[in-house]
Amino acid sequence: MDIELKHIAKRSENLSDWYTDVILKGELADYAPVRGCMVYREYGYAIWERVKKLLGQRIIDAGHQDVYYPLLIPRSLLMKEAEHIEGFSPEVAWVTIGGGEKLAEPLAIRPTSEVIIGTMWAKWIGSYRDLPILQNQWANVVRWEKATRPFLRTLEFLWQEGHTAHRTENEAREETRLILDIYRDFAVDDLSMAMLAGKKSDSEKFAGAVETYAIEGMMPDGKALQCGTSHFLGQKFAKAFEIKFLDDDNTEKLVWTTSWGVSHRIVGGLIMQHGDDNGLILPPRVAPVQVVIVPILYDETKAQVLEAAQKLGLLLKSHSVFDEPLRVHADLDETTTPGFKFSKWELKGVPVRLEIGPKDLAKSQVMAVTRDDRAKRTLAFDPGAGTFELEALTGLLAGVQQRLRERASQELSSRLFKVESFDEFKETVTGKGFAVAAWDGTDETEAAVKEATSATVRVLKKGVTSGKVACIYSGRPARYIAYWGQSY
RNA sequence: CGGGGUGUGGCGCAGUCCGGUUAGCGCGCCUGCUUUGGGAGCAGGAGGUCGUGGGUUCGAAUCCCGCCACCCCGACCA
C-alpha cells in the first residue's frame, strides 16, 4: 500500500531538504535564537548520549580516563603555538568583558583544548614515570563558522577530545593510529556506517599537527564528510608549552603528544547514510528507542490489548540486547491512530515495531516490522504465561544492524571511482563520489585541483607509489594514490 | 564573508508589484460525537498586528533605509 508522505521531502530527490525535515520533524533538534546554534531536543540528545556511551567505552577500554578542563582560555596561552593560532584565530570567539569590566587579557572560548591542557601537563609531568598521560574530555567548543547546518557545522558543538602525552615518538605515533582504528570500528560496528580511514594531506592537517589521520564517510549526494580526526602532534606543543620530563638516562626530554576528536557531526553523517524517504533509520546499537510497541485499539477489545501491550513492554524492558537492557517504548496514546504512530516512529528511525491488536491477541502473537526493509513477521507472545520470543527479537535487531552496515559498505564501494583522466576526475567529484587518483604530492597541485573542482584530497591511500604512475592533474610522477572528493 | 532568496497564528503559504474597513487559506491545536491493522471523519472553537528598529504618509504586511535570522551557491572549517 502506498504511503502518503506529505510531511517530509524525499531523500531520493532532495537530500538537503530531507535532512532538515527529519531533524526538525523527527524532533532531534531545533534552531536556537542564536545564529548558527542548535538545541538538542530529547531524541537528538539521546542519540548523542548513545554515541558518548559507545565511543566513550571504547576510549576507556583503551586505557584513557575522562577529565574536564575550563571553557575559557587566556589569550596568551592560545598565542604560544604559531601554527595553531594561525589556523584557529579566524574562528575564535573572545570574552572581553567580565563582571562589567573590561578584562586585562581577553579570554578565548575554547575552539579546542590543546593549549590549556599542555599548560597543565607542563606542571604535572616531571619524570618518565608520569607518562603516558591518556586523557579524554567530553565538552563543547565554539568555532565562529560562516555558514552553519544542524549537526554538520554549528558555532557551538559537542565533541569528545582526547589528549595524550608519551615518552617516545613511536609510542605517540602508535596512539594516533590506535585511535583512528577505534574511530573506524566505532563508526562501522556501532553506527553501521562506511568509512575510509587514512592520512590527510598537509593542507588538510590540523593546525599545529605533524600528521593528521581521519575517517571520512560518503554521503548520498556524493560529498564526503570528515567524521573523526586523530593527530600526531610531534613535539610542537611540547616545545611551545615546555612539557618536559626527566628520562631514565637522567636527561631532560620533550614529550610527544597526540590529540583526536569526534564531534556531533558524526550524528549528521549517521542520519544521511541511513535514512530513506520515510525518515531516519537508526542502527539498533545507537537507537534511543530500539523497539516501539503500537497497540491496535478497538472499543470492545481496548482493555485487553492495552494490558497486553503494557505487559509486553515490561517483559521486554527486562531483556538484554547487545549486552544492554533493551530500550523499548510502548506507545499507548489513545488519541492517535495506529497509522499515525507507524509514520511517526518510522520518521524517528526506530528499528523494530511490534504491533499488537485483537487478531494478534487471539493468536497469541505480535506483528514485528523491521524499519529498514519493512519486512513483517509474527512473533509468539502469550500475555497470560508471560512468554515472548525474545531471541527472535534480538535476531531482528541484529539483522537491522547488519543490513545497514552492508548497505553502507556497498554504497561506499559503488562511490569509489578509479579515474585515469582529469575529465573523468571532474565528473566523479561533482556529485558521484570519491575519485581514486594519483597525486604528485605537491601543495600546488592540490590547490589547483581545488580551484578547478572544489575537490581536495580527503585521505591518502596507504603506501607510496613507485613513481611510474602519472599525477591526474600535473602529469608528473605520482607520490600517492589519493581519495579525492568534495566535502561538507 | 561575497552573490541570490526568504521572513505573515505552532507549521506551510496567499496577500506586497499598484498603501485604504474587522489580514485570508490549508495543516496542526482545543471540545464533542463517530473512528482506530498505514498519517481518520464531521461539527463547533481558540489562536496572528505581519522578523526587528526607524522613516515616508491622513493611513503601512504592502513604499524607503538599517539590523537580525534562516535557506541556496561560493569561499572558510570538525
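Residues numbered from 1 in each chain as written. Chains lettered and ligands numbered in written order. Predicted model: local features only at pLDDT ≥ 70, side-chain atom pairs only at ≥ 80, totals over all residues. Heavy atoms only, no water.

Quick notes on the overall build of chain A
Line of reasoning, step 1. Of regular secondary structure, chain A possesses 14 helices and 26 strands.
Line of reasoning, step 2. Against the compact-globule benchmark of 23 Å for 488 residues, chain A has a radius of gyration of 25 Å, which places it among compact chains.
Line of reasoning, step 3. Along the three orthogonal principal directions, the C-alpha set of chain A runs to about 80 × 55 × 50 Å.
Line of reasoning, step 4. By residue count, 53% of the 488 residues in chain A fall in the buried class. (Helix = DSSP H or I, 4+ residues; strand = E, 2+ residues; numbered from the N terminus. Rg over C-alpha atoms; globule rule 2.2 N^0.38 Å. Buried < 20%, exposed > 50% of the residue type's maximum accessible area, 1.4 Å probe, protein only.)

Description of the environment of Leu270
Line of reasoning, step 1. Summarising the element assignment, Leu270 is placed in helix H8 (residues 265-274).
Line of reasoning, step 2. Given a relative accessible area of 2%, Leu270 falls into the buried group.
Line of reasoning, step 3. The spacing of Leu270 and Phe245 is 25 residues in sequence and 42 Å in space, taken between C-alpha atoms.
Line of reasoning, step 4. Ignoring sequence-local partners within four residues, the contact set of Leu270 consists of Ile47, Leu191, Met193, Leu282, Pro283 and Val286. (Contact = heavy atoms within 4.5 Å.)

Focus: the sheet that holds strand E6 (residues 101-109)
Line of reasoning, step 1. Within the open sheet, the three strands sit side by side as E4-E6-E5. Their pairing is antiparallel. Of all strands in the sheet, those bounded by a partner on one side alone are strand E4 (72-74) and strand E5 (93-98). Direction aside, the axes of adjacent strands within the sheet are offset by 45 degrees on average.
Line of reasoning, step 2. In terms of strand pairing, E4 meets E6 through three bridges, oriented antiparallel. Across the sheet, the residue bridging to Pro74 is Leu107, located in E6. (Pairing = 2+ DSSP bridges. Axes fitted to C-alpha atoms, helices over the stretch in contact; angles between N-to-C directions.)

A closer look at the pairing of strand E11 (residues 224-234)
Regular strands place their side chains on alternate faces of the sheet.
Line of reasoning, step 1. Taking burial as the measure, the eleven residues of E11 include ten buried ones, the bulk of the element.
Line of reasoning, step 2. As paired strands, E11 and strand E14 (residues 256-263) are joined by five bridges and run antiparallel to one another. Directly across from Thr229, in E14, lies its bridge partner Gly261.

Some thoughts on the sheet that holds strand E22 (residues 387-388)
Line of reasoning, step 1. The strand order E18-E15-E19-E20-E21-E22 describes an open sheet built from six strands, whose pairing is mixed. Two strands lie at the open edges of the sheet, namely strand E18 (328-330) and E22, each paired on one side alone.
Line of reasoning, step 2. Sheet topology places strand E21 (residues 376-382) next to E22; two bridges connect them, and they run antiparallel. Looking across to E22, one finds that Phe381 is bridged to Phe388.
Line of reasoning, step 3. Strands in contact with helix H9 (residues 302-317) are strand E15 (291-295), E18, strand E19 (352-356), strand E20 (365-370), E21 and E22; relative to E15, the strand with the most contacts, it is inclined by about 170 degrees.

Considering the protein's contact with RNA strand B
Line of reasoning, step 1. Near RNA strand B, the surroundings consist of 48 residues, among which Arg265, Thr337, Arg353, Lys359 and Asp360 are the closest.
Line of reasoning, step 2. Within 4 Å of the protein, the contacting atoms of RNA strand B are 39% sugar and phosphate, with bases supplying the remainder.
Line of reasoning, step 3. A distance of 2.6 Å is found between a phosphate oxygen of RNA strand B and a side-chain nitrogen or oxygen belonging to Thr337.
Line of reasoning, step 4. One of the backbone nitrogen or oxygen atoms of Tyr488 is found 2.9 Å away from a base nitrogen of RNA strand B.
Line of reasoning, step 5. Elements with a contribution of two residues or more to the surface near RNA strand B: helix H10 (338-347), E19 and helix H11 (358-362).
Line of reasoning, step 6. Ranked by residues supplied to the surface near RNA strand B, first place goes to H10 with seven residues.
Line of reasoning, step 7. Partitioning the surface near RNA strand B into residue classes produces 16 nonpolar, 13 polar and 19 charged. (Near = heavy atom within 4 Å. Polar contact = N/O pair within 3.5 Å; in protein donor to acceptor, adjacent residues only side chain to side chain. Nonpolar A, V, L, I, M, F, W, Y, C, P; charged D, E, K, R; others polar.)

Here we look at the nonpolar core
Line of reasoning, step 1. Core analysis: the biggest nonpolar cluster contains 56 residues, and Phe151 and Ile271 have the highest contact counts within it.
Line of reasoning, step 2. Element by element, the count of residues in this core is highest for helix H2 (residues 42-61), at seven residues.
Line of reasoning, step 3. Contact partners of Phe151, with chain neighbours within four places excluded, come to Tyr19, Ile23, Leu28, Ala29, Met38, Tyr40, His264, Arg265, Val267, Gly268 and Ile271.
Line of reasoning, step 4. Membership of the second largest hydrophobic core comes to 28 residues, among which are Leu131, Ala207, Phe237 and Ala238. (Core = buried A, V, L, I, M, F, W, Y, C linked by side-chain atoms within 4.5 Å.)

Re the environment of Glu211
Line of reasoning, step 1. Assignment of secondary structure puts Glu211 in strand E10 (residues 211-218).
Line of reasoning, step 2. We classify Glu211 as buried; its relative accessible area is 14%.
Line of reasoning, step 3. Glu211 sits 19 residues away from Ser230 along the chain, and the two C-alpha atoms are 8.5 Å apart.
Line of reasoning, step 4. Other than its neighbours up to four places away in sequence, Glu211 contacts Arg173, Lys199, Lys205, Ser230, His231 and Phe232.

Considering a nonpolar patch on the surface
Line of reasoning, step 1. A cluster of nonpolar side chains, namely Tyr68, Leu71 and Leu72, defines an oily patch on the protein surface of about 280 Å² accessible area.
Line of reasoning, step 2. With respect to the helices and strands, the residue Tyr68 is situated in the loop between strand E3 (65-66) and E4.
Line of reasoning, step 3. A residue is classified by how much of its surface remains accessible, and Tyr68, at 53% relative accessible area, is exposed. (Patch = residues over 30% accessible without salt bridge, like charges linked within 9 Å, V, L, I, M, F, W, Y side chains within 5 Å. Areas by Shrake-Rupley, 256 points an atom, 1.4 Å probe, with all protein chains shown as cover. Salt bridge = Lys/Arg side-chain N within 4 Å of Asp/Glu carboxyl O.)

Quick look at the side chain of Glu446
Line of reasoning, step 1. Along the chain, Glu446 falls in helix H14 (residues 443-453).
Line of reasoning, step 2. Notably, Glu446 is buried but unbridged: the nearest opposite-charge side chain belongs to Arg458, and the N-O separation is 6.7 Å.
Line of reasoning, step 3. Within polar-contact distance, the side chain of Glu446 engages the side chain of Ser201 at 2.8 Å.
Line of reasoning, step 4. Once residues within four sequence positions are removed from consideration, Glu446 is found in contact with Ser201, Ser203, Glu204, Trp439, Thr456, Val457 and Trp484. (Lys, Arg positive; Asp, Glu negative; His and termini not counted.)

So, the environment of Pro295
Line of reasoning, step 1. One can find Pro295 in strand E15.
Line of reasoning, step 2. Through-space distance from the C-alpha of Pro295 to that of Leu270 is 30 Å; in sequence the pair is 25 residues apart.
Line of reasoning, step 3. Setting aside residues no more than four positions away along its own chain, Pro295 makes contact with Val305, Leu306, Ala309, Asp331, Leu332, Pro338, Lys341 and Ile356.

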